[in-house]
Amino acid sequence: MIIYCNNKECEKYNIKECINKVRYVLKDNELILKDQYCEKCGNLKTIEELKHKDGFTSNIGKFSSKSRDEKTASLKKRATKHYEQHIEPYKEHVNHEAITNFKNANKG
Ligand SMILES: [Zn+2]
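Below is a short write-up of the structure. Because the structure is a prediction, the values reported are computed rather than measured. (Residues numbered from 1 in each chain as written. Predicted model: local features only at pLDDT ≥ 70, side-chain atom pairs only at ≥ 80, totals over all residues.)

### What about the overall build of the protein?
In step 1: What the protein contains, in helices and strands, is two helices and five strands.
In step 2: In the protein, the succession of α and β elements from N to C terminus is β-β-β-β-β-α-α.
In step 3: The buried share of the protein, taken over its 108 residues, is 4%. (Helix = DSSP H or I, 4+ residues; strand = E, 2+ residues; numbered from the N terminus. Buried ≥ 20, exposed ≤ 12 C-beta atoms within 10 Å, placed from the backbone.)

So, in structure tokens, the structure goes:
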């Protein structure tokens, strides 16, 4: 996925970064991507593109629309499940892709 800082005051404004390893952290009861905060201005970066077809952004959107209490409860319940269902398969997919690319490269 590609993320970038959309703070026009920031020296990293609109500088796009490609994130290959998706990791989540809980901050103030919000589920965010690790590395999603701008290292320069602390702004929450904008996600431009998701390579994973199921889309992590839509999941974050659902969390955001819930009340804080609901969110906390569902995050506590789902933290482990979410990791198993979404993040592990995604990592496997990436690894598989890397191995396939490597094999193809060796074939010439
Ligand atoms: Zn910034």
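### A word on unusual backbone geometry
In step 1: Phi at Asn-29 is positive, roughly 65°, even though this residue is not glycine.
In step 2: At Asp-35, a residue that is not glycine, the phi angle is positive and equals roughly 75°.
In step 3: Among the secondary structure elements, Asp-35 is positioned in the loop between strand 4 (30–33) and strand 5 (46–49).
In step 4: On the basis of neighbour count, Asp-35 is assigned to the partly exposed category, with 15 C-beta atoms found within 10 Å.

### Some points on the environment of Ile-2
In step 1: Mapped onto the elements of the fold, Ile-2 is located in strand 1 (residues 2–4).
In step 2: By the C-beta count within 10 Å, which is 14 here, Ile-2 ends up partly exposed.
In step 3: Note: C-alpha distance between Ile-2 and Lys-45 (43 residues apart in sequence) is 9.8 Å.

### Details of the environment of Ile-19
In step 1: With respect to the element layout, Ile-19 can be found in the loop between strand 2 (17–18) and strand 3 (24–27).
In step 2: Under the C-beta neighbour-count criterion, Ile-19 is labelled partly exposed, with 18 such atoms within 10 Å.
In step 3: Each C-alpha atom of the pair Ile-19 and Met-1 lies 5.3 Å from the other, and the pair is 18 residues apart in sequence.
In step 4: Here Ile-19 is in contact with Met-1, Ile-3 and Asp-35, once residues within four sequence places are set aside. (Contact = placed C-beta atoms within 7 Å.)

### Describing the pairing of strand 3
In step 1: In this structure, strand 3 lies alongside strand 4, joined through four bridges in antiparallel fashion. In the sheet register, Val-25 faces strand 4, and the bridge partner there is Ile-32.
In step 2: Remark: two residues form the turn of the hairpin made by strand 3 and strand 4, two consecutive strands paired antiparallel; Asp-28 in that turn has positive phi of roughly 50°. (Pairing = 2+ DSSP bridges.)

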